[in-house]
Amino acid sequence: MSVLVTTLRSVLATADAHLAAGRLGAGRKAYEDLLERSQEKTDRAMEAVARSMLALCMLRTRDLDGARSQLQSAGRVLDPLHLESYARYRRSLCRLAIEEGNAGTVVAELRDYLSWAEDARSHPEVLDACVLLAGTAPAADRIDWLQRGIDHALNFEVHETLGSAYNDLAAALDQAGALPEALEAYQQSLAWHELSAEQGQPGARRGVVGAGWAVGTLANRLEEWPLARARLEEAQQTAMAFDDAADLLSLILAELAVVYEAAGDVVEARRLVIQALKSGREQSLDAIWPQRWQAICDYARKLELDPSI
């Protein structure tokens, strides 16, 4: 039996790594493989895991019917006392409720999820529930929910998703106009993503690039130019070294151009914007993030550049 479990866990680890790195198609195929193997071995706990994760993949492509069907099937083999499989099931179930969009049902589902996680001392799911509640709460309550989840995670040394949680907190603080506090939260996000990258967690390098860009962007707005330049140059180097963050490079280059323009070096600012436009076209940034692409084009015109160059 121990060999069987090890074999299935290896397949699960591969599937999780694909999903964390943003390889949705490969992740879904690996979870389908896990589902088939778990059924062959009559491992109901692993079948529930596989179906719950397939549902999550389907939700990312807006296949609500498929996700619902997978979760219904998972529910028929689920053992609530098996913590890992039940936690994954609840994570996916809550996200289905959010996508279905019934506000009253969503809040009830999320609060029940949080209550279960606290009672079961399933600490990663406490943070997850708080982040989801923040995402559905009024703006005035988002910071409190996120801080509650982060404090819990820190108390129980749940570090894996703290980078993402701090990023959400920073965005909420930014929206509330608390810019210095938001900058500090973005820097915490960067630090936790860097730790995840050092530990080899899938997708962590992209998190490092995104967090570095976020720090640099807000530092630009606060006119903290040395900090902005340092973080943006680090993000640029990381983005250029790894393919999984190539789409962020255009955004980084445009923000770095702002730093040089503020220092009076318009020639270098223009060079960076030209690079940003080239990189953005290569990555189809106009389709991925049309508003950000438009902002880069507008900035190019401000520097008396033709965005089509």
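All values reported here derive from a predicted model rather than from experimental measurement. The numbers attached to residues start from 1 for each chain and follow its sequence in the written order. Local features are withheld for residues below a pLDDT of 70 in this predicted model, meaning they are given only at 70 or higher, and side-chain atom pairs are given and counted only at 80 or more; totals for whole chains, interfaces and linings count all residues. Note that the side-chain values use all heavy atoms of the structure and ignore hydrogens as well as water.

**Q** Sorry, what's going on with helix α16 (residues 290-302) here?
**A** Since the α-helix packs 3.6 residues into each turn, any two residues three or four apart lie on the same face. A run of DSSP states H or I qualifies as a helix once it reaches four residues; a run of E qualifies as a strand once it reaches two. Both are numbered from the N-terminal end. Residue count minus one, scaled by 1.5 Å, sets the expected span of a helix. In this model, α16 (13 residues) spans 18 Å end to end at C-alpha, consistent with the 18 Å of a helix rising 1.5 Å per residue. When α16 is considered as a whole, its buried residues turn out to be Trp293, Ile296, Cys297, Tyr299 and Ala300. With its buried residues spanning 160° around the axis, α16 presents them on a single face. Exposed positions of α16 whose direction lies more than 90 degrees from the buried face are Gln291 and Lys302. Tucked into the core, α16 has its buried residues touching α13 (249-262), α14 (266-282) and α15 (285-288). Burial classes: relative accessible area under 20% of the type maximum marks a residue as buried, over 50% as exposed, and values in between as partly exposed (1.4 Å probe, protein chains only). What the arc measures is the spread of directions leading from the helix axis to the C-beta atoms. Working rule for contacts: check all heavy atoms of both residues, and any pair within 4.5 Å makes them a contact.

**Q** Would you mind going over the side chain of glutamate 255 with me for this structure?
**A** Examined against the element boundaries, glutamate 255 turns out to sit in helix α13. For the charge count, each Lys or Arg is scored as positive and each Asp or Glu as negative, with His and the chain ends excluded. Each salt bridge in this description consists of a side-chain nitrogen of Lys or Arg and a carboxyl oxygen of Asp or Glu lying within 4 Å of one another. Despite its burial, glutamate 255 remains without a salt bridge, the nearest opposite charge being carried by arginine 292 at 6.3 Å. Side-chain atoms alone can form a polar contact between residues adjacent in sequence; in general such a contact is a pair of N or O atoms within 3.5 Å, and within protein one must be able to donate a hydrogen while the other accepts it. Side-chain polar atoms of glutamate 255 contact the side chain of asparagine 220, separated by 2.8 Å. In this structure, glutamate 255 is in contact with Trp213, Thr217, Asn220 and Leu232, ignoring residues within four places of it in sequence.

**Q** Where do I start with the packing of aromatic side chains in this structure?
**A** The relation between two aromatic rings is expressed through the spacing of the ring centres and the mutual angle of the planes. Aromatic rings from Phe, Tyr and Trp, with only the six-membered ring used for Trp, were paired whenever their centres fell within 6.5 Å, and each pair was classed as stacked if the ring planes differed by under 30 degrees, edge-to-face if by over 60, and tilted otherwise. This structure, assessed with the given rule, holds three aromatic pairs. Seen from their ring centres, tyrosine 86 and tryptophan 116 are 5.2 Å apart, and the 70° between their planes marks the pair as edge-to-face. Taken together, the residues span a long stretch of sequence, with tyrosine 86 in helix α5 (residues 83-100) and tryptophan 116 in helix α6 (residues 103-120) at a distance of 30 residues. Relative accessible area serves as the criterion here: at 16%, tryptophan 116 is assigned to the buried category. Site record: aromatic cluster; members linked through ring pairs are Tyr86, Tyr89, Tyr113 and Trp116. Positioned above the aromatic ring of phenylalanine 242, the side-chain terminus of arginine 205 is 3.8 Å from the ring centre. Note on geometry: a ring has a charge over it if NZ (lysine) or CZ (arginine) is within 6 Å of the ring centre and within 35 degrees of the ring normal.

**Q** Quick question: what am I supposed to make of the confidence of the model for the protein chain here?
**A** For residues with low pLDDT, the predicted coordinates do not support detailed interpretation. Confidence scores here are pLDDT values: one per residue, from the predictor, ranging 0 to 100. When pLDDT is averaged along the protein chain, the result is 94; 98% of the residues meet or exceed 70. Mean pLDDT across the elements of the protein chain bottoms out in helix α1 (residues 2-20) (79) and peaks in α13 (98).

**Q** Would you explain the nonpolar core in this entry?
**A** One broad rule of soluble globular proteins: the nonpolar side chains tend to lie buried together. Counting 87 residues, the largest nonpolar core has Ile252 and Val273 as the members making the most contacts within it. A total of nine residues in this core trace back to one element, the largest contributor, which is α13. Once residues within four sequence positions are removed from consideration, isoleucine 252 is found in contact with Val209, Trp213, Leu232, Ala235, Gln236 and Ala239. In this description, a nonpolar core means a group of buried Ala, Val, Leu, Ile, Met, Phe, Trp, Tyr and Cys residues linked to one another through side-chain atoms lying within 4.5 Å. Counting residues in hydrophobic clusters, the runner-up holds 16 residues, among them Leu8, Ala15, Leu19 and Leu34.

**Q** What is the right way to read helix α11 (residues 204-221) from this model?
**A** Taking 1.5 Å per residue, 18 residues should reach 26 Å; α11 reaches 26 Å between its end C-alpha atoms and fits that length. For α11, the buried fraction is high: 15 of the 18 residues fall into the buried class. Once α11 finishes, glutamate 223 follows within two positions and takes phi at roughly 60°, a positive value.

**Q** Would you explain the pattern of salt bridges in this entry?
**A** In total, this model carries 24 salt bridges according to the counting rule given. Overlapping salt bridges, with partners in common, bring together Arg9, Asp16, Glu84 and Arg88 in one network.

**Q** Any chance you could explain the environment of arginine 28 here in plain terms?
**A** Position of arginine 28 among the secondary structure elements: in helix α2 (residues 24-40). Classification of arginine 28 as partly exposed rests on a relative accessible area of 27%. Here the alpha-carbon distance between arginine 28 and serine 52, two residues 24 residues apart in the chain, equals 11 Å. With residues up to four places along the chain from it excluded, the contact list for arginine 28 reads Leu54, Cys57 and Met58.

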